[in-house]
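Coordinates in review
Here's the letter readout for the chains.
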Amino acid sequence: MAAIDNIDACVFDAYGTLFDVAAAASHCQEELGDKWGPLAQTWRDKQLQYTWLRSLMHEYVPFWQITQDSLDYALAMYGVDDASLRKKLLDIYFELDAYPEVPAVLATLKAGGKKVATLSNGSPDMLNAAVNNAKLDLDAAISVDRVGIYKPDPRIYQLACDDLDVPTSRICFMSSNAWDAWAAANFGFQVVWVNRFGQPPERLPGEIREMISDLNGLPPLLGL
């Protein structure tokens, strides 16, 4: 028996769930030295903060602009003033590496008759570049850009229902970002939290169905 049944579509967050957000800084370790890890974390933290703050301020800009602004903050914090390195980091981020298990897991889901999509803060050009670079076979790559606000606004999760023509309760949603997982559960999705970094559960509304450490654990939960 599947732990989660009656699922028609599997919808994934992109950054941190399908794609490794630390990959850009990791590929620049030679230039950054021991700063690469802290810089990658600051870049990501500030990137998320800017999505939430801009949403509250009603000052939306595409995620690619937020990605550049947050990188500039991180570079300034760690005293890195190198225009060519900045360009290299952004070029890599535009086509981030997928986690190793992602292509095979998505193929298994598709073979099992599930619709497969990503629902992301990423701007359409970023999503398309990353998906194409990783050669992922998706039914849809859905961006918040159409609404002009960032997760966890409920209107974003509704996009997946509308685009895939699947009821809320028959969508299984995966995110490694705990705040995103809880928000999606609160919206009504069947949520599997991909807890890649061993974090504690959030204290937020919403009930998570299952927790896995990477996406290899997903197909068995769905009976595939």
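Bear in mind that the values here come from a model prediction, so they are computed numbers and not experimental data. (Residues numbered from 1 in each chain as written. Predicted model: local features only at pLDDT ≥ 70, side-chain atom pairs only at ≥ 80, totals over all residues. Heavy atoms only, no water.)

1. Looking at the packing of aromatic side chains
- One pass over the structure, following the stated rule, counts 14 aromatic pairs.
- Aromatic side chains Y157 and F173 sit 5.9 Å apart centroid to centroid with 90° between the ring planes, which places their arrangement in the edge-to-face category. One end of the pair, Y157, is in helix α8 (residues 154-164); the other, F173, is in strand β4 (residues 171-175), and 16 residues separate them in sequence. For the residue pair Y157 and F173, the accessibility class agrees, reading buried in each case.
- An aromatic cluster of three or more residues is present, and its members are Y15, F19, W43, Y60, F63, Y93 and Y150.
- The side chain of K46 reaches across the aromatic face of Y73, ending 4.1 Å from its centre. (Phe/Tyr/Trp six-rings, centres within 6.5 Å; stacked < 30°, edge-to-face > 60°. Helix = DSSP H or I, 4+ residues; strand = E, 2+ residues; numbered from the N terminus. Buried < 20%, exposed > 50% of the residue type's maximum accessible area, 1.4 Å probe, protein only. Lys NZ or Arg CZ within 6 Å of the ring centre and 35° of its normal.)

2. Considerations on helix α3 (residues 36-57)
- Look at α3: 31 Å from first C-alpha to last across 22 residues, which is about the 32 Å you get at 1.5 Å a residue.
- Among the residues making up α3, those that are buried are L39, A40, T42, W43, R44, K46, Q47, L48, T51 and S55.
- Its buried side turned inward, α3 meets α1 (23-26), α2 (29-32), α4 (63-77), α5 (83-94) and α9 (178-187).
- Immediately beyond the C-terminal end of α3, within one or two residues, lies H58, with a positive phi of roughly 55°. (Expected span 1.5 Å × (residues − 1). Contact = heavy atoms within 4.5 Å.)

3. Topic: the packing of α3 against α4
- Put simply, α3 and α4 touch, their axes get as near as 8 Å, and they point 135° apart. The angle between α3 and α4 places the two elements in the oblique class. Crossing angle aside, the handedness with which α3 passes α4 is right-handed. Note on element contacts: α4 touches α3 through F63, I66, T67, D69, S70, L71, Y73, A74, L75 and M77, opposite L39, T42, W43, R44, K46, Q47, Y50, T51 and R54. (Axes fitted to C-alpha atoms, helices over the stretch in contact; angles between N-to-C directions. Parallel < 35°, antiparallel > 145°, perpendicular 65-115°, else oblique. Left-handed = near helix turned anticlockwise from the far one by under 90°.)

4. Here we look at the sheet that holds β4
- On the basis of which strands lie adjacent, the open sheet formed by six strands has the order β3-β2-β1-β4-β5-β6 and parallel pairing. The open sheet is flanked by β3 (140-143) and β6 (210-212), the only strands paired with a single partner. Between one strand and the next, the sheet's axes are offset by a mean angle of 25°, whatever the strand orientation.
- In this structure, strand β2 (residues 115-120) lies alongside β3, joined through four bridges in parallel fashion. Bridged to L119 within β3 is I142.
- α9 contacts β4 and β5 (190-194) of the sheet and is inclined by roughly 170° relative to β5. (Pairing = 2+ DSSP bridges.)

5. Here's the deal with unusual backbone geometry
- At the junction of K151 and P152, the peptide bond is cis and its omega measures out at 10° in the coordinates.
- As for its placement among the helices and strands, P152 is situated in the loop between β3 and α8.
- Of note, N6 is a non-glycine position whose phi angle comes to about 60°, a positive value.
- Along the chain, N6 turns up in the segment before β1 (9-12).

6. Looking at helix α6 (residues 102-111)
- Along α6, the positions that sit buried rather than exposed are V102, V105, L106 and L109. On an axial view of α6, the arc spanned by its buried residues comes to 95°, and they lie on one face.
- If you follow the buried residues of α6, they end up packed against β1, β2 and α10 (218-221).
- With its phi angle positive at about 90°, G113 sits one or two positions after the end of α6. (Arc of directions from axis to C-beta.)

7. Considering the side chain of T51
- Locating T51 in the fold gives a position in helix α3.
- The class for T51 is buried, based on a relative accessible area of 0%.
- Apart from the residues lying within four places of it in its own chain, the contact partners of T51 are F63, I66, N121 and Y150.

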